[in-house]
Amino acid sequence: MNKPSPRAQRVADQIQRILADLIRREIRDPRVGMVSVTGVNVSRDFAYANVFVTVLSSGLVQDGFGSQLKDMGELDRREIDDSLAALNKAAGYLRSLLGKELSLRTTPALKFQYDDSIARGSYLSTLIDKALAEDSTHDHLPDADDESGADDTGSDKPETRD
């Protein structure tokens, strides 16, 4: 995949900031809960934009971030799918509001996609914490042979090579 031009990156960043604010202020659909816009990729001609979002589900608010990726239940997946469906349905409305705030010849068509990088990072962090906790609980006792100072050859003479 090609690296975006500096202008495309600036436009994507501006779209991300504006959409985050518009979703918070303008979208009244109850299916859209707490949504965070994590990134935007725009096409070279600025006709299309993929908007990456994360959804903070009600289970996350109650349980904390724990092991989200592994233990994500059917309810959480349904919440994410419902939020994405609502956002994609409102994409035309958001595009019109975005066009009023952007100074581009064409306003990109928006497509919302779920970004699981935060849940994946949280899951990996949990795995690392568990591994460190297990490692610290293991006793690191030296062997009895190591304490005596005796070498493995059984003799006190230095080894000679032929």
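Notes on the structure follow. Being a predicted model, the structure only gives us computed values, none of them experimental.

### Observations regarding the side chain of serine 83
- Along the polypeptide, serine 83 turns up in helix α4 (residues 74-89).
- Exposure remark for serine 83: the relative accessible area of 2% places this residue in the buried category.
- In terms of polar contacts, serine 83 uses its side chain to reach the backbone carbonyl oxygen of arginine 31, at 2.8 Å.
- Sequence-distant contacts of serine 83, defined by excluding residues within four places in its chain, comprise Arg31, Val32, Gly33 and Val55.

### Considerations on the nonpolar core
- Ranked by internal contacts, the top residues of the largest apolar core, which has 30 residues, are Leu110 and Phe112.
- For this core, the elements supplying multiple residues, two or more each, are α1 (6-26), β1 (34-42), β2 (48-56), α4, α5 (91-101) and β3 (109-114).
- The leading source of residues in this core is α1, at eight residues.
- With sequence-adjacent residues up to four places away left out, phenylalanine 112 is seen in contact with Ile23, Val51, Val53, Leu84, Leu87, Asn88, Ala91 and Leu94.

### Let's talk about the sheet that holds β2
- Overall, mixed pairing links the three strands, which are arranged β1-β2-β3 in an open sheet. Here the strands that pair on one side only, and so sit at the sheet edges, are β1 and β3. On average, each strand axis in the sheet is tilted by 30° relative to the strand beside it, whichever way the strands run.
- Two strands pair when backbone bridges link them, and β2 and β3 are joined in this way by six bridges, in the parallel orientation. Following the sheet pairing, valine 53 is matched in β3 by tyrosine 114.

Cut-off values and rules
Residues numbered from 1 in each chain as written. Predicted model: local features only at pLDDT ≥ 70, side-chain atom pairs only at ≥ 80, totals over all residues. Heavy atoms only, no water. Helix = DSSP H or I, 4+ residues; strand = E, 2+ residues; numbered from the N terminus. Buried < 20%, exposed > 50% of the residue type's maximum accessible area, 1.4 Å probe, protein only. Polar contact = N/O pair within 3.5 Å; in protein donor to acceptor, adjacent residues only side chain to side chain. Contact = heavy atoms within 4.5 Å. Core = buried A, V, L, I, M, F, W, Y, C linked by side-chain atoms within 4.5 Å. Pairing = 2+ DSSP bridges. Axes fitted to C-alpha atoms, helices over the stretch in contact; angles between N-to-C directions.

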